[in-house]
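Read off the chains here:
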Amino acid sequence: MHFQLDKSWKVKLEEEFEKNYFKELISFVEGEYENNICFPPIEEIFNAFNHCHFDDVKVVIIGQDPYHGKGQANGLCFSVNDEISHPPSLRNIFKELQSDIGGDYPISGNLRHWANSGVLLLNATLTVRESIAGSHQKKGWEIFTDKVIELISSQKENVIFLLWGGYAKKKKKLINKKEHVIMEAGHPSPLSANRGYWFGNKHFSVVNEALNSKNLTSISWLKTNAN
């Protein structure tokens, strides 16, 4: 499988590509894409990295699994392609964004402009078989994406990690808390959000305040014509 991965990440992760687990993972993924319908499209598997280069990472949001419905997943966690209706978690993310910083509810659920602004939208598992949630978990992706988190933690400074929900919070152990900012909230899924664990977290405005305090450019959370 020929996968497209930005140079800035490829250099940092080349040792991983030579490890047995990664070779076995790619062999598994190749077979899955050959014999089944899988998401995201094969050329978008590494979109999180291709739209947010290593040097540009200011914020990391950790998801678990790509969407498994037709046309939804685009390689960025919580994001869906233009013209696709917004899944419940994304609707709650946008509601909190509106409540926190104002603006209109976004028409498109494509979060590429977040990635282009310095947000690594990282799913722990980067692929999935159609209609079968979690079907590519525990095949090696989690080892790879944990390595990515450790790499950011050890080689960058002042990155803000947004850990939404129990699964993401378990990644705390991979992050150097002295060098980086960790912000936690409930998962934006309706089950968690409706219990009060999501709404009111104000992560979007607090992230930009933290970046501004370090003289870093804030994140363009609201899509503009320039994005």
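Residues numbered from 1 in each chain as written. Predicted model: local features only at pLDDT ≥ 70, side-chain atom pairs only at ≥ 80, totals over all residues. Heavy atoms only, no water.

Moving on, we come to the overall build of the protein chain. Scanning the protein chain for helices and strands turns up nine helices and six strands. A globule of 227 residues ought to have a C-alpha radius of gyration of about 17 Å, and the protein chain, at 17 Å, matches this closely. Projected onto the principal axes, the alpha-carbon positions of the protein chain cover approximately 45 × 35 × 35 Å. Of the contacts made within the protein chain by residues no fewer than 6 positions apart, 65% connect residues no fewer than 24 positions apart. Carbon and sulfur atoms make up 47% of the accessible area of the protein chain, which totals about 11,000 Å². Counting 26 positive and 27 negative side-chain charges, the protein chain places the centres of these two groups 6 Å from one another. (Helix = DSSP H or I, 4+ residues; strand = E, 2+ residues; numbered from the N terminus. Rg over C-alpha atoms; globule rule 2.2 N^0.38 Å. Contact = heavy atoms within 4.5 Å. Areas by Shrake-Rupley, 256 points an atom, 1.4 Å probe, with all protein chains shown as cover. Lys, Arg positive; Asp, Glu negative; His and termini not counted. Charge placed at Lys NZ, Arg CZ, Asp CG, Glu CD.)

Glancing now at the pairing of strand β5 (residues 160-164). On any regular strand, side chains alternate: one points to one face of the sheet, the next to the other face. Within β5, five of the five residues are buried, which leaves the element mostly enclosed by the surrounding structure. Residues Ile160, Leu162 and Trp164 of β5 are buried on one face, and the alternating residues Phe161 and Leu163, pointing to the opposite face, are buried as well. The pairing of strand β2 (residues 59-63) with β5 spans three bridges and is classified as parallel. Within β5, the residue paired with Val59 across the bridge is Ile160. By the bridge criterion, five bridges tie β5 to strand β6 (residues 181-185) in an arrangement that is parallel. Paired with Phe161 across the strands is Ile182, a residue of β6. (Buried < 20%, exposed > 50% of the residue type's maximum accessible area, 1.4 Å probe, protein only. Pairing = 2+ DSSP bridges.)

Okay, the side chain of Asn208 next. Topologically, Asn208 is positioned in helix α9 (residues 203-213). Under the relative-accessibility criterion, Asn208 is labelled buried at 14%. Non-local contacts of Asn208, meaning those with residues more than four positions away in its chain, are made with Ser218, Ile219 and Trp221.

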